[in-house]
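In case you want the letters, here they are:
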Amino acid sequence: MLRSSLALLASLAVALPTAAFAATPQSFKGEYTVSILGLSVAKATFSSSYEGDTYSIDGSVSSAGLATIFDDTRGTVSSKGKISGKQLQPQAFRADYKSGEKASMIDIQFANGTVIATKVVPAPKKRNPKNWIPLGASHLASVLDPMAATVIHADSLDKVCGRTVKLYDGEMRANLTLTYYSKGSISVRGYKGETVTCRLGFEPVAGYRKNRKALKYLKDRSRIMVTFAPVGQTGVYAPIHATVSTKIGTLTVSAERFEATE
């Protein structure tokens, strides 16, 4: 459960403002906590830098609170690429994490928005073709890695939602559909102002096992809400708060810091 929480944190809590559309280099920092049933289970820190038409994002995630008694997981994650028009175009993504004595790694390489190589350690077990939905070449075109998938470029708060993001995490391709839910406001270190909340729909596309209960729950029953905040006047919006309903309670991702450092 904790490992999936950390993965969720890495993909949702990428609130690292893409001010790359500005002419001068800029840097940002986001700090997040993950809690379930009111108990803290993970923490993360992300730093990003943007210069010209390039971006880079680096982060660290770790279990926290009582969760460390059951599963002491720590990891690092990074993403880099270019900005093409109003879209991020990843070039490389890597995640390394260690749970107890077990080390794992995911490395994804891109070219022109298409995945050209994926390395996963330990290597995935052999799949049963009777219940496995395989990936095809078409599934790996125009996709985003987990870090780049949640940064939105829009003309206003009203236009953040109403879109579908193609996500590839190193094994599974999924579509994340953002539908408008409400507007509000928030105050955290580095930011105080308006927000927009989207309901996120999860649809597995390929690279997964049929009838997997966790995925079925996410698709059919889970209520996933993501709140975005604007990053200055850049036209970029990034997650500042998120909630995900699970079988054992609501998982909450909250930003404690969301600010420019340069």
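Right above here is the structure, for reference.
The model shown is predicted, which means the values in this text are computed figures rather than measured ones.

**Student:** Can you help me understand the pattern of salt bridges in this one?
**Tutor:** Oppositely charged side chains can form a pair if their charged atoms are brought close together. In the structure shown here, the tally under the stated rule is nine salt bridges. One salt bridge in this structure joins Arg189 and Glu259, with 3.5 Å as the shortest N-O distance. Placement of the pair is Arg189 in the loop between β11 (173–188) and β12 (191–206) and Glu259 in strand β16 (residues 249–260), with a sequence separation of 70 residues. Owing to a relative accessible area of 48%, Arg189 belongs among the partly exposed residues under this scheme. One salt bridge in this structure joins Lys216 and Asp220, with 3.2 Å as the shortest N-O distance. Here Lys216 pairs with Asp220, and both are found in helix α3 (residues 213–220), just four residues apart, close to one helical turn. Residues joined in a network through salt bridges with shared partners are Glu31, Arg189, Arg257 and Glu259.

**Student:** Where do I start with the state of the cysteines in this structure?
**Tutor:** Cysteine pairs can be covalently joined through their sulfur atoms, and such a bond is termed a disulfide. Tallied over the full model, the rule gives one disulfide. Here Cys161 engages in a disulfide with Cys198; their sulfurs sit 1.9 Å apart. Its torsion about the S-S bond being -85°, the disulfide of Cys161 and Cys198 is classed as left-handed. Taken together, the positions of Cys161 in the loop between β9 (152–153) and β10 (163–168) and Cys198 in strand β12 put the pair 37 residues apart, joining distant regions of the chain. The same class applies to Cys161 and to Cys198, which are both buried.

Calculation notes
- Residues numbered from 1 in each chain as written.
- Predicted model: local features only at pLDDT ≥ 70, side-chain atom pairs only at ≥ 80, totals over all residues.
- Heavy atoms only, no water.
- Salt bridge = Lys/Arg side-chain N within 4 Å of Asp/Glu carboxyl O.
- Helix = DSSP H or I, 4+ residues; strand = E, 2+ residues; numbered from the N terminus.
- Buried < 20%, exposed > 50% of the residue type's maximum accessible area, 1.4 Å probe, protein only.
- Disulfide = S-S within 2.5 Å.

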